[in-house]
Amino acid sequence: MEYFVYGRDKPNGFEVKVALNEEHWAFMDGYGDRLIARGPTLTEDGGRTTGSLHIVELPDDDAANEFAYDEPYFRAGAFETVEIQRFHNHYPGRTMWDFSTAVEGYNRYLVLTKDAPRQLTSDHLIMYGDLLDGDRHLGRAALLEAPNPEAAAHLIEADDAEVHPWEFGGRR
């Protein structure tokens, strides 16, 4: 099963995360072959993180909770909240590293919406899927590139979009 795990930073979360980057990456190295997407959400100017996103393949809910709550950023108190939901990937077998149609000058975004599921296709979608609690549909998540936040929301046809600047994460 695939899981969407999104920790939203506390006001001092950025400083906590900077101090623990190496421990975080070492922890993630243990999941390297199961990570589908990862990276921080950012302030509009890109200067600070606002959250930490991971989409990861795990065997069950217990493993997802272990992944989220044993993670060094969480243990150190960097997050205000952590969302853990099953993720129904509309691009099965694809990871963010398979994305090959980047457009120079476009930005990357995480877009969350409560809208009903739709099948979308676009060269600008990096990852797209439904957020689930059991069989109950909670919304959709998309990682995509667009020229601005408004275009990002428009791309997934969402009236209620929550748009976050985002970038690929991991070791540089």
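In short, a report on the structure. Here the structure is a predicted model, which means the values were calculated and not measured.

1. Quick notes on the pairing of strand 2 (residues 35–42)
The side chains of a regular strand alternate between both faces of the sheet. Among the eight residues that make up strand 2, eight are buried, leaving the element largely enclosed by the rest of the structure. One ladder, built from seven bridges, connects strand 2 with strand 3 (residues 49–57); its direction is antiparallel. Looking across to strand 3, one finds that T41 is bridged to G51.

2. Some words on helix 3 (residues 61–69)
Buried within helix 3 are the following residues: A63, A64, F67 and A68. Seen along its axis, helix 3 keeps its buried residues to an arc of 135°; they face one direction. Buried residues belonging to helix 3 abut strand 1 (2–9), helix 2 (21–29), strand 2, strand 3, helix 4 (72–75) and strand 4 (79–89). A distance of 3.2 Å separates the backbone nitrogen of D62 from a side-chain oxygen at the start of helix 3, and that oxygen is part of D60.

3. Some details on the sheet that holds strand 8 (residues 162–165)
Here we have eight strands laid out as an open sheet, ordered 2-3-1-4-6-7-5-8, and antiparallel in their pairing. In the strand order of this sheet, the two ends are held by strand 2 and strand 8, each with one partner. Looking at each pair of strands side by side, their axes are set apart by 25° on average, direction ignored. As paired strands, strand 1 and strand 4 are joined by seven bridges and run antiparallel to one another.

4. Some words on the nonpolar core
As a rule of thumb, soluble globular proteins bury nonpolar side chains together. Within the largest apolar cluster, 17 residues are counted, with the highest numbers of intra-cluster contacts made by F4, L53, I55, L110 and L143. Listing elements by their share of this core, those giving two or more residues are strand 1, strand 2, strand 3, strand 5 (107–113), strand 6 (125–133) and strand 7 (136–146). Among the elements that make up this core, the one with the highest residue count is strand 6 (three residues). Filtering out sequence-adjacent residues up to four positions away, F4 remains in contact with L53, H54, I55, E83, I84, Q85, F87, L110, L112, L131 and A141.

5. Some details on the side chain of S52
Note that S52 resides in strand 3. Judged by relative accessible area, which is 7%, S52 ranks as buried.

Reading the values: the criteria
Residues numbered from 1 in each chain as written. Predicted model: local features only at pLDDT ≥ 70, side-chain atom pairs only at ≥ 80, totals over all residues. Heavy atoms only, no water. Buried < 20%, exposed > 50% of the residue type's maximum accessible area, 1.4 Å probe, protein only. Helix = DSSP H or I, 4+ residues; strand = E, 2+ residues; numbered from the N terminus. Pairing = 2+ DSSP bridges. Arc of directions from axis to C-beta. Contact = heavy atoms within 4.5 Å. Polar contact = N/O pair within 3.5 Å; in protein donor to acceptor, adjacent residues only side chain to side chain. Axes fitted to C-alpha atoms, helices over the stretch in contact; angles between N-to-C directions. Core = buried A, V, L, I, M, F, W, Y, C linked by side-chain atoms within 4.5 Å.

This is a description of form; function is not addressed.
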